[in-house]
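# What the coordinates show
Take a look at the letters that make up each chain.
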Amino acid sequence: MNRSSIWDGGDQGRAEPVRVRFAPSPTGFLHVGGARTALFNWLYARKHGGVLVLRIEDTDRARSSEAMVRAILDGLTWLGLDWDEGPIFQSQSMARHQEQGLGLLEQQKAYACFCTPAELDEKRRQAQKVKVAYKYDRTCLRLGDSERAKKVASGAEHCVRFRVPEGVTSYEDGVHGHVSVQNEQMEDFVILRSDRTPTYQLTVVSDDIDMRITHIIRGDDHISNTPKQTLLYDALGKKPPAFAHLPLLLGEDKRKLSKRHGAVAVGDYRERGIRSEAMLNFLALLGWSPADGQEILSREDLTRLFSLKGVGNRGAVFDHKKLEWMNGQYLNRLTPDELWPDVERELRQRGLWREEFTGKERQWFMRWLDLMKPRARTVVSLVDAGTSYLTDEFQYSERAEGKHLKDPEVASRMRSLASALGRLEAYDEEHIEKVLRAEAEKLGVSASRLIHPARIAVTGQEVGPGVFEVLALVGKERTLQRLERLAAHIERRPPASA
Ligand code: GLU
């Protein structure tokens, strides 16, 4: 059975329908890595008409919280990743996990270990000293039956360790191909702690068996768990599912993605104005690419084109600039009506929203949105660039000031332009352009000598949409006020030292 046959529906041995799972631990927000794992499972399930189970791995009670569960569910919902079963809380199956662990103990596929943490620490230190990789030395496996029974009878604390059999463990990874590990490299890992709580290796295998999971798609950080889990399946008499490990996410410096590279929680991107369809598209391309290399892909495109064959095994770089570019592509395709709710939310947060935008200023607001949209990469940057159209409280950008306002003549030019525009009856793009060009000629300067300062006067910025459209949108009265304001600002400025 080769890698593609298991994953592309060609495995004759696996007649049962595809069942995959997303199994986050609610000890933090939904991270981009987790969201990518969820997405690849979702795509795989949808593509193969399978079932996606959502399992919340909340066995670490101290570090799990309800707020994090909610944040994870919200993140998935925002991305439009729906699940078919669950959420199932792992902590509720603890009795079942214990039962399976104790079953392995009874069958002598596991054994009681009485070594204390202090003893184990000491052995670990010794190994470090002589620079050998530490592995549990099986002291307790060598105990005689009567000695072991005596210790148990005396109530000696003990955990339960899985007895790793001799041999080689191998499996076909959906991404990495054939993976093979010598069993002697694995230690006899703990499956039940001394308080009888099950460890991750056991709970995951036990749940995946009970939930009849057929394919496990998860991050590369779990690749070293897979041989151990494969052995547990064998010990429990079950056929292991197919495994695929997705490449690690890297920062732009090619190191493992972490907070030091910027936001890692999906919710932070939502707050920054990234749209869910752009985020989804971007996440899909973290490690996967379609055969034709196309980049802008809708949910439907992704579902149609997705295949594990397109997943590489090299780390995938999380490129923030690309995400913003992609978001801009999506923003641009939206009609003002579609864009409206997000923009309204952002404006409300900044105290810039006015009810008139849905009433008598609706048409104006739509024009504003249309003008801002093509240059925006996020709703946040759209509102940043568009703030000066909505309020008089804005500053002149330093760069703009240094580049276009140095000449003291600008003040009088702005006043001349203001009085020429003030005489205009039809204050529209076409007439504004005519007046501005005529005024430039009258003043004996190129039109750009008026265009740049006028843009700065009205928006505070040196770049933006076409200036005639900008002045028309801002309106005659406010344009005149702002041209005068800039003139006064230049005059107030201390003269440049010679
Ligand atoms: N709960 C684990 C995690 O969040 C996932 C376990 C698994 O996929 O096997 O990393």
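Look a little higher up for the structure.
Reference entry: report on the structure contained in this document. (Residues numbered from 1 in each chain as written. Predicted model: local features only at pLDDT ≥ 70, side-chain atom pairs only at ≥ 80, totals over all residues. Heavy atoms only, no water.)

### A closer look at the overall build of the protein
When helices and strands are counted, the protein shows 21 helices and 12 strands. Taken along its principal axes, the extent of the C-alpha atoms in the protein is 110 × 55 × 40 Å. Within the protein, the fraction of its 498 residues that count as buried is 49%. Expressed as a percentage of contacts within the protein between residues at least 6 apart in sequence, the contacts between residues at least 24 apart total 76%. (Helix = DSSP H or I, 4+ residues; strand = E, 2+ residues; numbered from the N terminus. Buried < 20%, exposed > 50% of the residue type's maximum accessible area, 1.4 Å probe, protein only. Contact = heavy atoms within 4.5 Å.)

### Quick word on the pattern of salt bridges
This model, assessed by the stated rule, comprises 38 salt bridges. The residue Arg61 makes a salt bridge to Asp58 at a minimum N-O spacing of 3.0 Å. Since its relative accessible area comes to 56%, Arg61 is described here as exposed. The salt bridge involving Asp210 is made with Arg96; its shortest N-O contact spans 2.7 Å. A residue pair is termed long-range when its members are at least 10 positions apart, and Asp210 in helix H7 (residues 200-210) and Arg96 in helix H4 (residues 94-106) qualify at 114 residues. For Asp210, a relative accessible area of 36% gives the class partly exposed. A relative accessible area of 30% means that Arg96 is categorised as partly exposed. Each member of the salt-bridge network shares a partner with another, and the members are Arg21, Arg55, Glu57, Asp207 and Asp208. (Salt bridge = Lys/Arg side-chain N within 4 Å of Asp/Glu carboxyl O.)

### Focus: the site of the ligand
With respect to spatial proximity, the complete set of residues near the ligand consists of Arg21, Ala23, Pro24, Ser25, Glu57, Tyr200, Val204, Arg218 and His222. Arg21 is positioned with one of its side-chain polar atoms (N or O) 2.6 Å from an oxygen atom of the ligand. Here a nitrogen atom of the ligand sits 2.6 Å away from a polar atom, N or O, in the side chain of Glu57. Protein chains bury 79% of the 300 Å² of accessible surface belonging to the ligand in isolation. For the shell around the ligand, a count of residues per class yields four nonpolar, two polar and three charged. (Near = heavy atom within 4 Å. Polar contact = N/O pair within 3.5 Å; in protein donor to acceptor, adjacent residues only side chain to side chain. Areas by Shrake-Rupley, 256 points an atom, 1.4 Å probe, with all protein chains shown as cover. Nonpolar A, V, L, I, M, F, W, Y, C, P; charged D, E, K, R; others polar.)

### What to know about the sheet that holds strand S3 (residues 85-89)
Taken in spatial order, the three strands make up an open sheet running S1-S2-S3, and their pairing is parallel. Each end of this open sheet is capped by a strand with a single partner; those strands are strand S1 (19-22) and S3. Along the sheet, successive strands turn relative to each other by an average axial angle of 25°, direction set aside. In the packing of helix H2 (residues 32-47) onto the sheet, the strands contacted are S1 and strand S2 (51-56), and the crossing angle to S1 comes to about 165°. (Pairing = 2+ DSSP bridges. Axes fitted to C-alpha atoms, helices over the stretch in contact; angles between N-to-C directions.)

### A look at the packing of helix H17 (residues 409-422) against helix H19 (residues 448-459)
The interhelical angle for the contact between H17 and H19, taken along N-to-C directions, is 90°, at an axis separation of 10 Å. Compared by their axis directions, H17 and H19 come out roughly perpendicular. Here H17 contributes Val410, Arg413, Met414 and Leu417 to the contact with H19, which in turn contributes Arg449, Leu450, Pro453 and Ala454. Split by residue class, the contact of H17 with H19 holds six nonpolar, no polar and two charged. (Parallel < 35°, antiparallel > 145°, perpendicular 65-115°, else oblique.)

### Overview of the state of the cysteines
Joining two cysteines, a disulfide is a covalent bond between their sulfur atoms. For the structure shown, the criterion picks out zero disulfides. In this structure Cys113 is not part of a disulfide, and its nearest cysteine sulfur, from Cys115, lies 3.9 Å away. Judged by relative accessible area, Cys113 falls into the buried class, the value being 1%. By relative accessible area, Cys115 is classed as buried at 14%. (Disulfide = S-S within 2.5 Å.)

### Considerations on the pairing of strand S6 (residues 168-173)
On any regular strand, side chains alternate: one points to one face of the sheet, the next to the other face. Judged by which residues are buried, S6 turns out to be one-sided: Thr169, Tyr171 and Asp173 face inward and are buried, whereas Val168, Ser170 and Glu172, on the alternate face, are not. As consecutive antiparallel partners, S6 and strand S7 (residues 177-182) are separated by three residues.

### Here's the deal with unusual backbone geometry
Apart from glycine, the bulk of residues carry a negative phi angle, and the bulk of peptide bonds sit in the trans form. The residue after Gly86, namely Pro87, is reached through a cis peptide bond having omega 0°. Here Pro87 shows up in strand S3. The phi torsion at Gln108 lies on the positive side, around 60°, for a residue other than glycine. The topology assignment puts Gln108 in the loop between H4 and strand S4 (110-113). Accessibility expressed as a relative area gives 58% for Gln108, which makes it exposed. A positive phi angle, close to 55°, is found at Arg212, a residue other than glycine. In this structure, Arg212 sits in the loop between H7 and strand S9 (215-219). Classification of Arg212 as exposed rests on a relative accessible area of 54%.

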